[in-house]
Amino acid sequence: MRILFLTHAFNSLSQRLFVELKKLGHVVSVEFDINDTVASQAVELFQPELIIAPFLKRAIAEDIWRKHNCLIVHPGIRGDRGPSALDWAIVNNETHWGVTILQANSEMDAGDIWATGEFTMRRASKASLYHLEVTEAVVEAVLLAVSRFQGGTFTPEPVDYANPAIQGRLQPLMLQPTRAIDWQQDNTAIILRKIRSADGFPGVADELYGRKLFIYDAQPEHSLRGKAGEIIARCGGSICRATIDGAIWIGHLRDKSASHPFKLPACMVLETEIADLPEIIADKDTGYQDIWYEQEADVGYLHFPFYNGAMSTQQCQRLLQAYQQACRQNTKVIVLMGGPDYWSNGMHLNLIEASDSPADESWCNINAIDDLAMEIINTESQLTIAALQGNAGAGGVFLARAADAVWAREGIILNPHYKDMGNLYGSEYWTYLLPHYTTEENARHITQARLPMGTDEALAVGLVDAVFTNNFSEFIQTIKQQALEMATDSGYARRLQQKKRQRQIDEKQKPLAEYRQQELARMKQNFYGFDPSYHIARYNFVYKVPKSRTPMTIALHRRKNADLQID
Ligand code: COA
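Residues numbered from 1 in each chain as written. Predicted model: local features only at pLDDT ≥ 70, side-chain atom pairs only at ≥ 80, totals over all residues. Heavy atoms only, no water.

Q: Quick question: what am I supposed to make of the side chain of Gln-289 here?
A: Looking at the element boundaries, Gln-289 is found in the loop between helix H8 (266-269) and strand E13 (292-296). In this structure the side chain of Gln-289 is engaged in a polar contact, spanning 3.2 Å, whose partner is the backbone oxygen of Thr-286. Apart from the residues within four sequence positions on either side, Gln-289 is in contact with Gln-219, Asp-283 and Lys-284. (Helix = DSSP H or I, 4+ residues; strand = E, 2+ residues; numbered from the N terminus. Polar contact = N/O pair within 3.5 Å; in protein donor to acceptor, adjacent residues only side chain to side chain. Contact = heavy atoms within 4.5 Å.)

Take a look at the structure:
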């Protein structure tokens, strides 16, 4: 079928649906919801058999939904309506939640139901639930709705609020007063729910040191205590604030009125105010946890669930230290776990944007990632695995490829390209790594197509080596089993030896330093050269400047007809 996505952005959920529907042989084209005229034009050009709205912030124009079948993805249970579905589910401490695929009609989220999906709520941020549980439930429900639509006999079910099975209701937009934290009344669990309900967007408005700030990225603290509401410690970039029954870590803040009005590490936003705060070194009992190591038998696991998958210069340096320490342990295999939402999204663009010299900071950041990539490539003491529980983008994908094996959870999405960020050339030794694992043609496709990639394709082109179950906890178990098998395999010593030998041969042919130098020469042009594309693209990304048109890579209907047939 010809399926048109009308969407506010090509976010992770839309990307996953795009990949899944294309896999089933559908021709999928995408149009950003810029205005009604542009949307109507896209419909006219593409003549879709079905329109899907994976992520829409406003209603579809009447002249579109009257003439075409439009399916709306709503992240709420049957009967739920309104723009803050997940926010309410978190604040109300729901134990189960769901998604609904509705037919668009004159009332927002009130159309007949084509399919639904359910999931158990996890204690996690809205963004994290959206990335994992919501996405999985949506994929299943949309595929069911599409097959029902294709079948031609299914009648979608009207929402009847008299039916006791319909548990959802119209819920208003959640405003800041509902999210407001009363530090003298709310306990830690309530505070965490409030912050998580607003994370990634819009954050919880609060007052710290007399400044109006938005709070994100909260974690419970297990040991420290203090007077409720007071800031009592710092750890890395985070601050610890006492509650009536404990304390929480706040990783990120946003000051809407500052010169850098976007999310930044809390300590950076409060730099002057917290100068005298005691610094805590994170361990398993205390502190903000963004890097930790654990060991089971002969396998070491290095976790680095960095907020939004962004890796700053400092984070890369800390991770490099942790990695070097992991290499010194008596293990046979090291598994690089990343985090549940993201494995890595490459350089930390917000911190780069906020620095005095974004070009200099970009330079430091890419060098810090390269140092880490180099250490992984040169590891002689263990075999290494990148375990992609979550998505990876840009440099994050190539950093993963630096490991001896890349194992992915089935449902993740990779964006293995840099070009969308103002034509960045990229580094992380991708010019060394890609030819190792894939053909020249595939390498060109990977880096030039600027398209999201599912795990089937990633496996076929050699970006990943194995794909395991999509179920999150089963994936971790499988990784552990497989890593242990690798460590205890009778061929382990031979494999390690072979890896060392191959590295020596490669190094003789062309030293790693030369690859790096050549990549960085191109990056230097991106950072310091005449063409400002990278700086403009980064600014637009960090400031979330709305897109004024849909990229041709995904708007097939805006290409020549000949291209349309090929896809
Ligand atoms: N640096 C800083 N923040 C980043 C980031 C990065 N490298 N990558 C993602 N983020 C942030 C986004 O700004 C967004 O922030 P929010 O919480 O304020 O909304 C959040 O992570 C989620 O990103 P989003 O784009 O909405 O997620 P997605 O899963 O739909 O898309 C990517 C994933 C990777 C396609 C997209 O985030 C991206 O292009 N990132 C930039 C990658 C890059 O160019 N890195 C630098 C070159 S190495």
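Here the narrative resumes, following the displayed structure.
Q: Even after reading the chapter, I still don't get the domain arrangement of the chain, so can you show me in this structure?
A: Many structure descriptions define interface size as the accessible area lost when the parts assemble. When the domains of the chain are assigned, the result is domain 1 (2-159), domain 2 (176-269) and domain 3 (292-528). Taken together, the contact between domain 1 and domain 3 spans 12 residues of the former and 15 residues of the latter. At the boundary of domain 1 with domain 3, total buried surface from both sides reaches about 1,100 Å², with 55% on carbon and sulfur atoms. A salt bridge links Lys-23 to Asp-456; its shortest N-O distance comes to 3.5 Å. Across the domain 1-domain 3 interface, the total number found is 6 residue pairs in polar contact (both at pLDDT 80 or more). Going through the elements one at a time, helix H1 (12-23) and helix H5 (126-151) are the ones with two or more residues in the side of domain 1 that touches domain 3. Grouping the amino acids of the side of domain 1 that touches domain 3 by side-chain chemistry returns 4 nonpolar, 4 polar and 4 charged. (Domains from an automatic or database assignment. Buried area = accessible area lost by both parts, 1.4 Å probe. Salt bridge = Lys/Arg side-chain N within 4 Å of Asp/Glu carboxyl O. Nonpolar A, V, L, I, M, F, W, Y, C, P; charged D, E, K, R; others polar.)

Q: How should I be thinking about the packing of aromatic side chains in this particular structure?
A: Each aromatic ring pair is summarised here by two numbers: the centre-to-centre distance and the angle between the ring planes. Overall, the coordinates contain 13 aromatic pairs when judged by the stated rule. Ring geometry for Phe-304 and Phe-306: centres 6.0 Å apart, planes at 45 degrees, overall tilted. Each member of the pair Phe-304 and Phe-306 is classed as buried. Residues Phe-527 and Tyr-534 carry aromatic rings whose centres are separated by 5.2 Å and whose planes lie at 50 degrees to one another, so their mutual orientation is tilted. We note that Phe-527, like Tyr-534, is buried. Through successive ring pairs, a cluster of aromatic residues spans Phe-398, Tyr-418, Tyr-425 and Trp-430. Cation over ring: Arg-241 sits above Trp-183, and NZ or CZ is 4.0 Å from the ring centre. Over the ring of Tyr-437 we find Arg-401; its NZ or CZ atom is 3.4 Å from the centre of that ring. (Phe/Tyr/Trp six-rings, centres within 6.5 Å; stacked < 30°, edge-to-face > 60°. Buried < 20%, exposed > 50% of the residue type's maximum accessible area, 1.4 Å probe, protein only. Lys NZ or Arg CZ within 6 Å of the ring centre and 35° of its normal.)

Q: What should I look at first to understand the pattern of salt bridges in this one?
A: Pairing is possible between side chains that carry opposite charge, provided their charged atoms lie close to one another. Taken as a whole and judged by the stated rule, the model has 30 salt bridges. For the salt bridge of Asp-206 with Arg-241, the shortest nitrogen-to-oxygen distance reads 2.9 Å. With Asp-206 in strand E7 (residues 204-208) and Arg-241 in strand E10 (residues 238-243), this residue pair connects regions lying 35 residues apart in the sequence. Per residue, the accessibility class of Asp-206 equals that of Arg-241, and both read buried. Through salt bridges with shared partners, a single ionic network connects Arg-16, Glu-20, Lys-23, Glu-136, Arg-409 and Asp-456.

Q: Would you take a moment to explain the site of the ligand for this structure?
A: Taken together, 21 residues surround the ligand, and among them Ser-12, Lys-263, Asn-308, Met-347 and Leu-349 come closest. Asn-345 is positioned such that a nitrogen or oxygen atom in its backbone is 3.1 Å from a nitrogen atom of the ligand. Leu-349 places a polar main-chain atom, nitrogen or oxygen, 2.9 Å from a nitrogen atom of the ligand. The fraction of the free accessible surface of the ligand (860 Å²) that becomes covered by protein chains is 82%. (Near = heavy atom within 4 Å. Areas by Shrake-Rupley, 256 points an atom, 1.4 Å probe, with all protein chains shown as cover.)

Q: Please clarify how the nonpolar core should be interpreted in this entry.
A: Most often, soluble globular proteins keep nonpolar side chains buried together rather than apart. Core analysis: the biggest nonpolar cluster contains 88 residues, and Ile-239, Leu-253, Trp-343, Leu-388, Leu-414 and Leu-463 have the highest contact counts within it. Ranked by residue count, the leading element in this core is helix H11 (residues 358-377), at 8 residues. When residues of this core are assigned to domains, at least three fall in each of domain 2 (176-269) and domain 3 (292-528). Core analysis: the second largest hydrophobic core is formed by 41 residues, Phe-5, Val-73, Ala-115 and Val-146 among them. (Core = buried A, V, L, I, M, F, W, Y, C linked by side-chain atoms within 4.5 Å.)

Q: Looking at this structure, I do not really get the packing of H11 against helix H18 (residues 512-528). What am I missing?
A: To characterise two packed helices, one gives the angle between the axes of the helices and the distance between these axes. Axis separation between H11 and H18 bottoms out at 11 Å; the angle between their running directions is 160 degrees. By the criterion of interaxial angle, the relationship of H11 to H18 is roughly antiparallel. Crossing geometry of H11 relative to H18 is assigned as right-handed. Facing H11, whose interface residues are Ala-359, Asp-360, Ser-362, Trp-363, Ile-366, Asn-367, Asp-370, Asp-371, Met-374 and Ile-377, H18 presents Leu-512, Arg-516, Leu-520, Met-523, Lys-524, Phe-527 and Tyr-528. Split into classes, the residues belonging to the contact of H11 with H18 amount to 10 nonpolar, 2 polar and 5 charged. (Axes fitted to C-alpha atoms, helices over the stretch in contact; angles between N-to-C directions. Parallel < 35°, antiparallel > 145°, perpendicular 65-115°, else oblique. Left-handed = near helix turned anticlockwise from the far one by under 90°.)

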